[in-house]
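As a plain string of letters, each chain reads:
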Amino acid sequence: MKGDTGMGATNICGVIWKNPVTTAAGTFSYRESVKYYDPSALGAITTKGVSPTPWKGNPLPRIAETPAGMLNAVGLENPGVDDYIENELATLKKQGLVVVANVAGHQVEEYCQVAEKLSATDVDMLELNVSCPNVAEGGLAFGTDPKAVAEVVTAVKSRTRKPVIVKLSPNVADVVGIAQAAEAAGADALSLINTLVGMRLDLATGRPILANGTGGLSGPAVKPVAVRMVYQVSRAVGVPVIGMGGIMTGEDAYEFLLAGAVAVAVGTAALLDPAAPARIVRELEAAVEKYGAPRRGA
Ligand SMILES: Cc1cc2nc3c(=O)[nH]c(=O)nc-3n(C[C@H](O)[C@H](O)[C@H](O)COP(=O)(O)O)c2cc1C
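On a predicted model such as this, the values are computed, not experimentally measured, just so you know. Along each chain, residue indices are assigned from 1 in the same order as the chain's sequence is written. Local features are withheld for residues below a pLDDT of 70 in this predicted model, meaning they are given only at 70 or higher, and side-chain atom pairs are given and counted only at 80 or more; totals for whole chains, interfaces and linings count all residues. Hydrogens and water are ignored here; the side-chain numbers use all heavy atoms of the structure.

(A) Fine view of empty space enclosed by the protein. Every definition here rests on a 1 Å grid over the protein atoms only: cavities are sets of points where a 1.4 Å probe fits but cannot get out, pockets are open sets enclosed by protein on both sides within 12 Å along at least five of seven lines, and lining residues have some atom within 4 Å of a point. Grid points are joined across faces, edges and corners, and a volume is the space filled by probe spheres set on the points. Using the criterion set out here, one finds one cavity of 30 Å³ or more in the structure. Approximately 50 Å³ is the volume found for the largest cavity. Forming the walls of the largest cavity are Trp17, Thr22, Thr23, Ala24, Ala25, Thr46, Val100, Glu127, Ile165, Ile242, Met244 and Ala265. Residues are grouped as follows: Ala, Val, Leu, Ile, Met, Phe, Trp, Tyr, Cys and Pro are nonpolar; Asp, Glu, Lys and Arg are charged; all remaining types, including Gly, are polar. Grouping the constituent residues of the lining of the largest cavity by class yields eight nonpolar, three polar and one charged.

Written out as structure tokens, the structure reads:
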């Protein structure tokens, strides 16, 4: 089967992905990607954060380069859930793709409104972004407090029958505690990591380069942090874990599967090389052939 990594299809909360590779939220555009690869080569497509109403995002500049990654402070700019359903989701589902919708909100009720609207569509799974470092209210404010995570997960679960993946932040002292709170509140799966809060300064002005002040660090620089967190979390919970953070090659993806992830997401790599997600599927196949089916270490 095209896109088969040699590990067969992956069943995540009852949803069948033909291989364990998806896109990381906020880094995939259907219109751009089809110029470089066939998105049906991936196990699933995860789309960018969608909120109940359109969000403008943060002022420019929103991106700064770093030696082994990038800082972004996009601030979840999006056209709102109604537009998402009518346009992006409709386009992706017409192609027969498995779609994971990344859900954003400022308050619990906003996450619920989006989840409820998506519940009535053919979207396959929801991913709750309780970990965005770039919005003033909501986002990371939920993801760093186990009680707040539990509250938003419980509320969303009561308003949707779709499987709910909870996306965790690395900007915490105890990621396992947050993961267990999400699982206890009913999360069907967990994904991690979102970006790490960082900053760069302009040497001439002494001021932050990003208009938002801080931004989220992603790319190869964060991979060891992500692998460590996936390793810890996957041993502490019973639900499936989707790993991401700095995956640039199939061998990087294989490392996350060894750490305990059942699937992986490719983000920043696709901003450098638009064909990266499909390339990583092929390279993961080669890694499985070379090293054998990933067996999680002790
Ligand atoms: C430009 C950009 C936009 C992002 N937008 C979202 C988003 O909408 N929702 C979300 O949960 N994560 C978002 N993220 C985080 C990524 O999905 C991913 O968790 C993170 O970048 C780490 O993976 P990577 O190093 O492969 O990029 C974004 C990241 C980038 C670089």
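Right, picking up where we left off after that structure.
(B) Broad picture of the site of the ligand. Taken together, 22 residues sit near the ligand, with Ala25, Lys167, Gly219, Gly246 and Thr268 positioned nearest. Distance and chemistry together define a polar contact, namely a pair of N or O atoms within 3.5 Å, with one atom able to donate a hydrogen and the other to accept it when in protein, and with adjacent residues in sequence counting only for side-chain atoms on both sides. Here a nitrogen atom of the ligand and a side-chain polar atom of Asn102 are 2.9 Å apart. Note that an oxygen atom of the ligand is positioned 2.6 Å from one of the side-chain N or O atoms of Thr268. To be clear on the numbers: accessible area is Shrake-Rupley with a 1.4 Å probe, and residue cover counts the displayed protein chains and nothing else. The protein chains hide 95% of the 610 Å² of surface that the ligand would expose on its own. Being in a pocket or cavity means that more than half of the molecule's atoms lie within 2 Å of its grid points. Of all the cavities here, the one that holds the ligand is the largest pocket. Broken down by class, the residue content of the shell around the ligand amounts to six nonpolar, 14 polar and two charged. Consider each residue's heavy atoms; a residue with any of them within 4 Å of a molecule or strand counts as near.

(C) Representation of unusual backbone geometry in the model. Residue Pro61 follows Leu60 across a cis peptide bond; omega there is -5°. Phi is positive for Cys13, which is not a glycine, with a value near 55°. Each helix is a run of H or I in the DSSP string that is no shorter than four residues. Each strand is a run of E no shorter than two, and both are numbered from the N terminus. Looking at the element boundaries, Cys13 is found in the loop between strand S1 (10–12) and strand S2 (15–17). Of note, Leu76 is a non-glycine position whose phi angle comes to about 60°, a positive value. Looking at the secondary structure, you find Leu76 in the loop between strand S6 (69–72) and helix H2 (81–94). Accessibility here uses a 1.4 Å probe with only protein chains present; expressed as a share of the type maximum, an area under 20% marks a residue as buried, one over 50% as exposed, and anything in between as partly exposed. Leu76 gets classed as buried once you look at its relative accessible area, which sits at 16%.

(D) Representation of the sheet that holds strand S4 (residues 45–46). If you walk across this open sheet you meet the eight strands as S3-S14-S13-S10-S9-S8-S7-S4, and the pairing is parallel. In this open sheet, the two strands that pair with only one neighbour each are strand S3 (21–23) and S4. One requirement defines pairing of two strands: DSSP has to find at least two bridges between them. By the bridge criterion, four bridges tie strand S7 (residues 99–103) to strand S8 (residues 125–129) in an arrangement that is parallel. From the neighbouring strand, Ala101 faces S8, where its bridge partner is Leu126. The strands touched by helix H8 (residues 250–259) within the sheet are strand S13 (241–244) and strand S14 (263–266), with S14 carrying the most contacts at an inclination of about 145°. The contact definition used throughout considers only heavy atoms, calling two residues in contact when any of these lie within 4.5 Å. The convention used is that axes are lines fitted to C-alpha atoms, helices contributing only their stretch in contact, and that angles between N-to-C directions extend from 0 to 180 degrees.

(E) Fine view of helix H10 (residues 276–291). Multiplying 1.5 Å by the residue count of a helix minus one yields the expected span of that helix. Between its first and last C-alpha, H10 extends 21 Å over 16 residues, near the 22 Å set by a 1.5 Å rise per residue. Among the residues of H10, Ala276, Pro277, Ala278, Ile280, Val281, Leu284, Ala287 and Val288 are the ones counted as buried. Buried positions along H10 lie against S3, H8, S14 and helix H9 (268–272). Immediately beyond the C-terminal end of H10, within one or two residues, lies Gly292, with a positive phi of roughly 90°.

(F) Quick look at the layout of surface pockets. Approximately 1100 Å³ is the volume found for the largest pocket. For the largest pocket, the lining is made up of 50 residues, of which Ala25, Gly26, Thr27, Phe28 and Lys48 are closest to its centre. Listing elements by their share of the lining of the largest pocket, those giving two or more residues are helix H1 (30–33), S6, strand S12 (215–218), S14 and H9. The residue makeup of the lining of the largest pocket, split by class, is 25 nonpolar, 19 polar and six charged. The space that makes up the second largest pocket amounts to roughly 150 Å³. Lining the second largest pocket are Ile63, Glu65, Thr66, Ala68, Gly69, Met70, Pro220, Met248, Thr268 and Leu272. When contributions to the lining of the second largest pocket are tallied by element, the ones reaching two or more residues are strand S5 (63–66), S6 and H9. At three residues, the largest contribution of residues to the lining of the second largest pocket is made by S5. For the lining of the second largest pocket, the residue count by class is six nonpolar, three polar and one charged.

(G) Quick peek at the nonpolar core. Membership of the largest hydrophobic core comes to 73 residues, with the highest contact counts inside it found for Leu118, Val166, Leu190, Leu192 and Val233. No other element matches the seven residues that H10 contributes to this core. Not counting residues up to four positions away in its chain, the partners in contact with Leu190 are Ile165, Val166, Leu168, Ala179, Ala182, Val233, Val237, Val239, Pro240, Val241 and Ile242. Among buried residues, those of type Ala, Val, Leu, Ile, Met, Phe, Trp, Tyr and Cys that are joined through side-chain atoms within 4.5 Å constitute a nonpolar core. If you look at the next biggest cluster of nonpolar residues, it comprises 14 residues, including Ile12, Val98, Ala189 and Ile242.

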